[in-house]
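An overview of the molecular structure
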Amino acid sequence: MRAYERFLKYVRVYTTSSETSETHPTTARQFDLARQLEAEMRELGLEGVRVDRHGYVYGFLPATPGCEAKPAIGLIAHMDTSPDAPGENVNPQIYKNYDGGDVVFPATGEVMAVASFPELANWKGQTLITADGTTLLGADDKAGVAEIVTACEYLLAHPEVPHRAIAVCFTPDEEVGKGADHFDPEKFPARGAYT
């Protein structure tokens, strides 16, 4: 599966965190994506896949032969979306071969103008994905989650590509400043990670 296909699947899962909750994760709905990722990672063949009671998803990709002595590297992304805007019933809009012009959100008529966001011009000819204007898209950081799962899928399908061991963790509650509160380094056999 391509990363953007995974991404489109993940953004439809309602995972908005809460700034006022005292639970961990701050919303039970974050377990919906956590359990989906757990099943997907197991199906792909990652080892030690589990969701803990705080909603953290852990998995491990062993090193290829000859790379076992190299230190493991970690890949981390968060599953929750910001409570600053609605995150339920996300309706992604896909603009294939984007023309480089203003983007009109179909549900609201609001405009993301190139004059206000000149970096849009850099994406002319590419595929652009946005929300419909009523919700967040959830690219922060479901795009990261999709890229990590897709990278693991690629490495598992191509054992001839040498790599060190890779520890994976998907966290809840990053958007409300609690993403590392219950991260368990004992479950994460890498001392350095990209997030």
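Let us look at the structure shown here. Quick caveat, the model's predicted, so the values are computed rather than measured.

With five of six residues buried, strand 3 (residues 73-78) is to be regarded as a mostly interior element. Bridge count between strand 3 and strand 8 (residues 166-171): six bridges; the pairing is parallel. Across the sheet, Ile 76 pairs through a bridge with Cys 169, a residue of strand 8. Here strand 3 runs beside strand 9 (residues 193-194); their pairing, made up of two bridges, is parallel. Counted as the bridge partner of Gly 74 is Ala 193 from strand 9.

A separate point is the pairing of strand 1 (residues 47-51). As paired strands, strand 1 and strand 2 (residues 57-61) are joined by three bridges and run antiparallel to one another. When the sheet's bridge partners are listed, Val 51 is paired in strand 2 with Val 57. Adjacent in sequence and paired antiparallel, strand 1 and strand 2 are bridged by five residues, among which Gly 55 carries a positive phi angle near 90°.

With that settled, consider the pattern of salt bridges. Taken as a whole, this structure holds five salt bridges when the rule is applied. When the shortest N-O distance is used, the salt bridge between Arg 6 and Glu 40 registers 2.4 Å. Residue Arg 6 is found in helix 1 (residues 3-11), and its partner Glu 40 is found in helix 2 (residues 30-44); the two are separated by 34 residues along the sequence. Relative accessible area serves as the criterion here: at 2%, Arg 6 is assigned to the buried category. In this structure Glu 40 comes out as buried when scored by relative accessible area, which is 11%. A salt bridge links Glu 38 to Arg 42; the shortest N-O distance between them is 3.3 Å. Of the two residues, Glu 38 and Arg 42 both sit in helix 2, four residues apart, roughly one turn of that helix. Judged by relative accessible area, Glu 38 falls into the buried class, the value being 16%. Taken together, the shared-partner salt bridges connect Arg 6, Lys 9, Glu 40 and Glu 153 into one network.

Our focus in this paragraph is the packing of aromatic side chains. Counted by the stated rule, this structure contains three aromatic pairs. Consider the rings of Tyr 56 and Tyr 58, whose centres lie 6.4 Å apart with planes at 20°: the pair is stacked. Looking at Tyr 58, the relative accessible area reads 0%, which means it is buried. Consider the rings of Phe 183 and Phe 188, whose centres lie 5.2 Å apart with planes at 65°: the pair is edge-to-face. Put simply, the rings of Tyr 56, Tyr 58, Phe 183 and Phe 188 pair up and form one aromatic cluster.

About the cut-offs
Residues numbered from 1 in each chain as written. Predicted model: local features only at pLDDT ≥ 70, side-chain atom pairs only at ≥ 80, totals over all residues. Heavy atoms only, no water. Buried < 20%, exposed > 50% of the residue type's maximum accessible area, 1.4 Å probe, protein only. Helix = DSSP H or I, 4+ residues; strand = E, 2+ residues; numbered from the N terminus. Pairing = 2+ DSSP bridges. Salt bridge = Lys/Arg side-chain N within 4 Å of Asp/Glu carboxyl O. Phe/Tyr/Trp six-rings, centres within 6.5 Å; stacked < 30°, edge-to-face > 60°.

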